[in-house]
Amino acid sequence: MNLARKLSETAHAFGAKPAVIFEGTPYTFGQVDREIERYAALLKRLGAQVGDRVAIQLPKRMEFVFLELAVLTVGGVALPLNPDYRPEELEYFLSDSGSSLFFTDNARFSRARDVLAKFSGLRSVVVDGEADGAFSLSAELEKVPRGYVREFPTEDDDVAIICYTSGTTGRSKGAMITHRNLVSNTMALHQSWQWSDGDVLLHALPLFHVHGLFVALHGGLNAGATIIMHEKFDPVSTWETIGEQRCTILMGVPTMYQRLMNAWEQMDKRPDLSSMRVFISGSAPLLETQFIRFEQHTGFRILERYGMTEAGMITSNPIEVEGRKAQSVGFPLPGVEIRVAKPDATDVAPGEVGEVLMRGENVFAGYWGMPEKTAESFVEGWFKSGDLGYQDANDKGRLYLVGRQKELIITGGYNVYPKEVENILEGHTAILEAAVIGLPDEDFGERVTAVVALKEATPAATPDELMAYCKERLVGYKCPKQLFIIDRLPRNQMGKLQKNQLVERFRQ
Ligand code: MLC
């Protein structure tokens with residue numbers, strides 16, 4: 001079933017109930033549904049066809065919610081983009097996806113003007129006011145004819161969303177997520193986490209990624225719950241809102257829980273948590289110390305679950321409190337199968353570490369325009385996650401994750417492949433070679449750190465200059481937080497870079 005159709009049906013059942021309260025402004029289910037319909041009519045007017053990619057680069061705001069579901073309504077493919085992407089990054093996503101429509105705001109439109117001029121077939125729409133060279137959302141909505149009837153022309157196996165994920169080679173890959181993926185995962189979580197229309201979700205995550213979009217937004221709308229939406233995460237206002245709005249669910253990444261605990265320790269007046277049902281963590285490993293500290297402070301045991309862009313939500317700790325264990329990501333969700341395998345794809349012995357493989361209706365349809373990469377990512381119908389883990393044979397196969405097969409840094413819930421940052425650094429005229437590593441960080445979990453060797457013949461560059469160079473070209477979370485200049489990067493006799501030596505040397 002088309003996800004937008006499903007959510008529209010729920011909206012009809014809950015008409016006058018608040019669906020989303022965005023920074024204090026309420027939108028009922030009926031209003032949200034009508035806006036989605038109006039935006040869908042607008043997309044049709046702008047010529048959107050079934051399968052067309054529609055890129056959306058917006059800060060967190062209601063237009064994003066209406067647009068995403070309007071794109072799905074007309075059978076298009078939504079391309080949610082980080083609002084912080086720099087114009088050079090945007091160029092890659094627009095070109096790789098072949099998007100025909102681009103929704104953004106004035107600030108981003110003017111910043112990306114030169115890039116956008118390269119795409120002759122692309123039409124841009126600004127959601128705030130007017131801009132030369134772009135359609136104005138409000139003016140276009142005015143022109144939408146009455147009487148538009150939604151058709152939801154796409155179904156289960158059609159692509160609904162392309163979500164870009166950082167790639168090992170430095171080139172981001174567009175994961176094609178189908179309606180079946182979205183609907184089955186939403187239903188699996190509905191059942192496992194016992195969502196109901198009595199729930200009040202505090203939504204403080206970004207909207208452009210799996211966690212904030214599929215798990216939180218789609219999950220809440222599907223359940224008929226009320227979503228209290230904050231534009232930006234702030235630990236103090238999160239605590240206050242939970243108490244004042246009688247929230248029942250919070251979803252966050254470990255960095256958010258770390259900051260929530262720091263704030264808790266500073267607060268004079270502790271919030272009333274009596275309405276809370278569950279605090280859920282994902283997108284990065286939750287440390288045992290964080291799990292324990294949170295329970296000691298609040299009395300709540302965080303529910304950790306495991307997901308990834310390519311497979312949505314995969315496993316979860318049980319909703320029953322006593323079943324939640326630190327460092328474990330729990331058990332497969334309904335309809336999801338997992339295995340732990342050796343490099344030859346045969347099963348490991350029970351309890352041994354191997355690569356976690358998965359299959360089910362949650363697993364994506366492949367990488368956009370990259371059939372070889374897609375083929376490499378599967379073995380006999382199982383998706384190879386790249387995550388290393390083991391299943392506890394004495395606890396019904398409970399899954400624990402212990403590491404990753406490929407170099408990957410997870411910082412504050414975002415994935416960064418070092419190669420992407422190394423490629424940028426090595427584009428600088430003064431840099432001979434660069435190595436990017438993740439160092440432990442109390443706030444972000446891992447800290448993107450660069451170690452570079454400079455060319456002799458060029459004028460020397462300072463760490464600050466090199467970090468500023470990255471900031472012009474890369475979204476903030478990928479930029480090195482620290483940069484060290486050394487004479488030569490350590491290599492073994494075969495010439496292979498010894499990153500573990502760099503980690504040892506710089507972790508202090
Ligand atoms: C922001 N910055 C980060 C960062 N977030 N740097 C590293 N890692 C991050 N995650 C940068 C900013 O650009 C800024 O740079 C500086 O760090 C300080 O920012 P801040 O104000 O402290 O950060 P803040 O805006 O508060 O954001 C922190 C955060 C945010 C934790 C709230 O990163 C966040 O919302 N993370 C959630 C990510 C997420 O939704 N992941 C889900 C992926 S889906 P400067 O230069 O401007 O100072 C997925 C699947 C699954 O993984 O299982 O869920």
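Residues numbered from 1 in each chain as written. Predicted model: local features only at pLDDT ≥ 70, side-chain atom pairs only at ≥ 80, totals over all residues. Heavy atoms only, no water.

*Asks:* Explain the pairing of strand β10 (residues 200-203) residue by residue, including any values.
*Replies:* Because side chains alternate across β10, one face comprises the buried residues Val-200 and Leu-202, and the other comprises Leu-201 and His-203, equally buried. Note that β10 and strand β11 (residues 226-229) share four bridges and pair parallel. Following the sheet pairing, Leu-202 is matched in β11 by Ile-228. Where the polypeptide runs from β10 across helix α9 (residues 210-223) and back to β11, its parallel neighbour, the crossover connection is right-handed. (Buried < 20%, exposed > 50% of the residue type's maximum accessible area, 1.4 Å probe, protein only. Helix = DSSP H or I, 4+ residues; strand = E, 2+ residues; numbered from the N terminus. Pairing = 2+ DSSP bridges. Right-handed = clockwise from strand over helix to strand, strands pointing away.)

*Asks:* Outline the site of the ligand, supporting the account with residue identities and numerical values.
*Replies:* Around the ligand sit 23 residues in total, of which Lys-232, Ser-283, Arg-305, Thr-411 and Lys-471 are the nearest. Between the ligand and the protein, one listed contact pairs an oxygen atom with a side-chain N or O atom of Ser-283 at 2.6 Å. In the model, a nitrogen atom of the ligand is placed 3.0 Å from a nitrogen or oxygen of the Gly-413 main chain. In isolation the ligand exposes 1000 Å². Once the protein is present, 75% of that is buried. Every element with two or more residues in the shell around the ligand is listed here: α9, α11 (254-266) and β14 (303-308). (Near = heavy atom within 4 Å. Polar contact = N/O pair within 3.5 Å; in protein donor to acceptor, adjacent residues only side chain to side chain. Areas by Shrake-Rupley, 256 points an atom, 1.4 Å probe, with all protein chains shown as cover.)

*Asks:* Which residues make up the packing of aromatic side chains, and what values do they have?
*Replies:* Throughout the structure, instances matching the rule amount to 22 aromatic pairs. Pairing Phe-364 with Phe-383 gives two aromatic rings, centres 5.3 Å apart and planes at 75°, and the pair type is edge-to-face. With Phe-364 in the loop between β18 (354-360) and α13 (371-376) and Phe-383 in strand β20 (residues 382-392), this residue pair connects regions lying 19 residues apart in the sequence. A relative accessible area of 5% places Phe-364 in the buried class. (Phe/Tyr/Trp six-rings, centres within 6.5 Å; stacked < 30°, edge-to-face > 60°.)

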